[in-house]
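Summary of the model geometry
Each chain, letter by letter, is given below.
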Amino acid sequence: MMRQHTQLGGWVLALVVAAAFAMLGRWQLDRMHEKEALLLQASHVRLHPQALDSALGRPQTLQWVTGSVELQAQQVLLDNQMREGRAGVRIYQPARSAGGQWLLVDLGWWPLPPDRQLPTLLPITGRHEVRGLLAPPPSSGLLLGPALSVTAQPSTWLATRLDTAAIASTLGRRDISSQVLRLDPALPLGYARDLEILPNTLPPARHLAYAVQWFGLSLAVLATAAILQWRRRREGRQARTAAP
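Described in the following lines is the structure provided in the data block. (Residues numbered from 1 in each chain as written. Predicted model: local features only at pLDDT ≥ 70, side-chain atom pairs only at ≥ 80, totals over all residues. Heavy atoms only, no water.)

This paragraph deals with the overall build of the protein chain. The helix and strand inventory of the protein chain stands at four helices and nine strands. Taken from the N to the C terminus, the helices and strands of the protein chain come in the order α-β-α-β-β-β-β-β-β-β-α-β-α. Looking at the 244 residues of the protein chain, the share that counts as buried comes to 37%. Across the protein chain, contacts joining residues at least 24 apart in sequence account for 67% of those joining residues at least 6 apart. For the protein chain, the exposed surface amounts to about 14,000 Å²; the carbon and sulfur share of it is 60%. (Helix = DSSP H or I, 4+ residues; strand = E, 2+ residues; numbered from the N terminus. Buried < 20%, exposed > 50% of the residue type's maximum accessible area, 1.4 Å probe, protein only. Contact = heavy atoms within 4.5 Å. Areas by Shrake-Rupley, 256 points an atom, 1.4 Å probe, with all protein chains shown as cover.)

Written out as structure tokens, the structure is:
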């Protein structure tokens, strides 16, 4: 009887572990499909440009917009941003659209030296005609620690993630949009930048590879449990046969 309970417990544990691995595989597949859809949408948005204020009024995943903004003398430096193999920060400034709506503008990337000394950059101010991609903020990853910390430079904050709610509260712009404007790299305004849709994150192919690994581990757990069960039964039969 004890042997049967042990075998049952082993199968229950194997099924739980296999199910957990399968769930992780399914999550990776979902992330792959989400990013593939995002890339597909990005390839078509330039064909249907929108007015900035109208686009802010009906937020979607990605929109190509044109309009004018008035940049404010405040800066948010998003840390741990890679470009061409170098570490740096991405510079954001709050701006007010012609229609009076607030949003963050991605002005581009700036490299950090080996000692990670933050750059001293004067904020870009004034009204500018702009165009670019209105998009969700970069993926946050693990939510560890505060989103923002003060720096030695006036009106400048260092961000570990682009938490628009925390930024809105810190900057005193509680009505700021949850989307950011990524400027067209062809504009002379700002710093080095591109419109890479999945910067500093895994591409769909990598999610697929991880999904295959998790599903493989799930199958391996079940196969191992089945082999162990078969061996126990074979040993039991041999023991009964050898008994006088």
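It is possible for side chains of opposite charge to pair when their charged atoms get near one another. Taken as a whole and judged by the stated rule, the model has eight salt bridges. Here Arg26 and Asp30 are joined by a salt bridge, their closest N and O atoms 3.3 Å apart. Pair noted here: Arg26 and Asp30 are both in helix α1 (residues 2-42), with a separation of four residues, about one helical turn. We classify Asp30 as partly exposed; its relative accessible area is 31%. Taking the shortest distance from any N to any O, the salt bridge between Glu70 and Arg96 comes out at 3.2 Å. On the criterion of sequence distance, the pair formed by Glu70 in strand β2 (residues 63-71) and Arg96 in strand β4 (residues 86-97) is long-range, its members being 26 residues apart. Note on Glu70: relative accessible area 26%, which makes it partly exposed. (Salt bridge = Lys/Arg side-chain N within 4 Å of Asp/Glu carboxyl O.)

The subject of this paragraph is the nonpolar core. Counting 24 residues, the largest nonpolar core has Leu71, Leu103, Val105, Leu107, Leu181 and Leu183 as the members making the most contacts within it. Of all elements in the fold, only α2 (52-57), β2, β4, β5 (102-111), β6 (126-135) and β9 (180-183) reach the threshold of two or more residues within this core. In this structure, Val105 is in contact with Leu71, Ile91, Tyr92, Gln93, Ala95, Leu181 and Leu183, ignoring residues within four places of it in sequence. Grouped together as the second largest cluster of nonpolar side chains are 14 residues, Trp102, Ile167, Ala168 and Ile176 included. (Core = buried A, V, L, I, M, F, W, Y, C linked by side-chain atoms within 4.5 Å.)

What follows covers the pairing of strand β3 (residues 75-83). The element β3 is extensively covered by neighbouring structure, given that seven of its nine residues are classed as buried. Pairing of β3 with strand β8 (residues 156-159) involves four bridges; the strand directions are parallel. Within the sheet, the bridge partner assigned to Gln75 lies in β8 and is Thr156. The pairing of β3 with β4 spans six bridges and is classified as antiparallel. Directly across from Val76, in β4, lies its bridge partner Tyr92. Where β3 folds back on β4, the antiparallel hairpin that results is connected by two residues, among which Glu84 adopts a positive phi of roughly 55°. (Pairing = 2+ DSSP bridges.)

This brings us to the packing of aromatic side chains. What the rule picks out here adds up to two aromatic pairs. Between Phe21 and Trp214 the ring centres are 5.5 Å apart and the planes differ by 35°, which places this aromatic pair in the tilted class. Taken together, the residues Phe21 in helix α1 and Trp214 in helix α4 (residues 204-242) connect sequence positions 193 residues apart. For Trp214, a relative accessible area of 26% translates into the label partly exposed. Their ring planes at 85° and their centres at 5.6 Å tell us that Trp110 and Tyr191 sit as a pair that is edge-to-face. With a gap of 81 residues between them, Trp110 in strand β5 and Tyr191 in the loop between β9 and α4 connect regions that are remote in the sequence. (Phe/Tyr/Trp six-rings, centres within 6.5 Å; stacked < 30°, edge-to-face > 60°.)

What is shown is where atoms sit, not what they do.
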